[in-house]
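Working through the structure, step by step
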Amino acid sequence: MAKGIGIKPLGARVLIKKLEAEEKTAGGILLTSSAKEKPQMAEVMAVGPGTKDEPMELKVGDKVVFAKYAGTDIKYEGEEYTLMSQSDILATVK
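Residues numbered from 1 in each chain as written. Predicted model: local features only at pLDDT ≥ 70, side-chain atom pairs only at ≥ 80, totals over all residues. Heavy atoms only, no water.

1. Observations regarding the side chain of threonine 82
Within the secondary structure, threonine 82 sits in strand β5 (residues 79-85). For threonine 82, the side chain forms a polar contact with the side chain of aspartate 73, separated by 2.7 Å. Discounting chain neighbours no more than four positions away, the residues touching threonine 82 are Val14, Leu15, Ile16, Lys18, Ala70, Gly71, Thr72 and Asp73. (Helix = DSSP H or I, 4+ residues; strand = E, 2+ residues; numbered from the N terminus. Polar contact = N/O pair within 3.5 Å; in protein donor to acceptor, adjacent residues only side chain to side chain. Contact = heavy atoms within 4.5 Å.)

2. Some words on the environment of lysine 59
Relative to the helices and strands, lysine 59 resides in the loop between β2 (41-47) and β3 (63-66). Measuring from C-alpha to C-alpha, the distance between lysine 59 and methionine 45 comes to 8.3 Å, with 14 residues separating the pair along the chain. Among residues more than four places away in sequence, those in contact with lysine 59 are Val44 and Val47. In this structure the side chain of lysine 59 is engaged in a polar contact, spanning 3.0 Å, whose partner is the side chain of aspartate 62.

3. Re the sheet that holds strand β1 (residues 13-18)
If you trace the 6 strands from one edge of the open sheet to the other, you get β4-β5-β1-β2-β3-β6, paired in antiparallel fashion. Two strands close off the open sheet at either side, each with one partner strand: β4 (72-76) and β6 (89-93). On average, each strand axis in the sheet is inclined to that of its neighbour by 45°, with strand direction left out of account. Alignment of β3 against β6, held across 4 bridges, turns out to be antiparallel. Of the residues in β6, the one forming a bridge with valine 65 is alanine 91. (Pairing = 2+ DSSP bridges. Axes fitted to C-alpha atoms, helices over the stretch in contact; angles between N-to-C directions.)

4. Quick look at the pairing of β1
Where β1 and β5 come together, 4 bridges link them in antiparallel fashion. Paired with isoleucine 16 across the bridge in β5 is threonine 82. The pairing of β1 with β2 spans 5 bridges and is classified as antiparallel. Looking at the pairing, lysine 17 lines up with glutamate 43 of β2.

5. Considering the packing of aromatic side chains
Enumeration over the complete set of coordinates arrives at 0 aromatic pairs. Taking NZ or CZ as reference, lysine 17 lies 5.3 Å from the ring centre of tyrosine 81, over its face. (Phe/Tyr/Trp six-rings, centres within 6.5 Å; stacked < 30°, edge-to-face > 60°. Lys NZ or Arg CZ within 6 Å of the ring centre and 35° of its normal.)

6. A word on the nonpolar core
Formed by Val14, Ile16, Ala42, Val44, Val47, Met56, Leu58, Val64, Phe66, Ala70, Met84 and Ile89, the largest nonpolar core amounts to 12 residues. Broken down by secondary-structure element, the contributors of at least two residues to this core are β1, β2 and β3. Per-element tally for this core: the top contributor is β2, with 3 residues. Residues Ile5, Ile7, Met45 and Ala46 belong to the second largest nonpolar core, which totals 6 residues. (Core = buried A, V, L, I, M, F, W, Y, C linked by side-chain atoms within 4.5 Å. Buried < 20%, exposed > 50% of the residue type's maximum accessible area, 1.4 Å probe, protein only.)

Next comes the structure, spelled out in structure tokens:
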């Protein structure tokens, strides 16, 4: 478990925290919260042990891009996280 989070994913699942969406367009226009695009980048907060068929490839702290409608959003101790299958993670970002 990372950073004191009391959620431990099972199997080949990962717990992510979405990174904030941009508040300005490239032209400098401020966006309202409803106009912001849902972020698809996140930081991995916790990982499961993996399974025999799908070993865990991610680690806590990885920055990732995930499938747009993947995962289950959960709120835990006032923070919002998403729990998803490792297979819904599309790439890591350096």
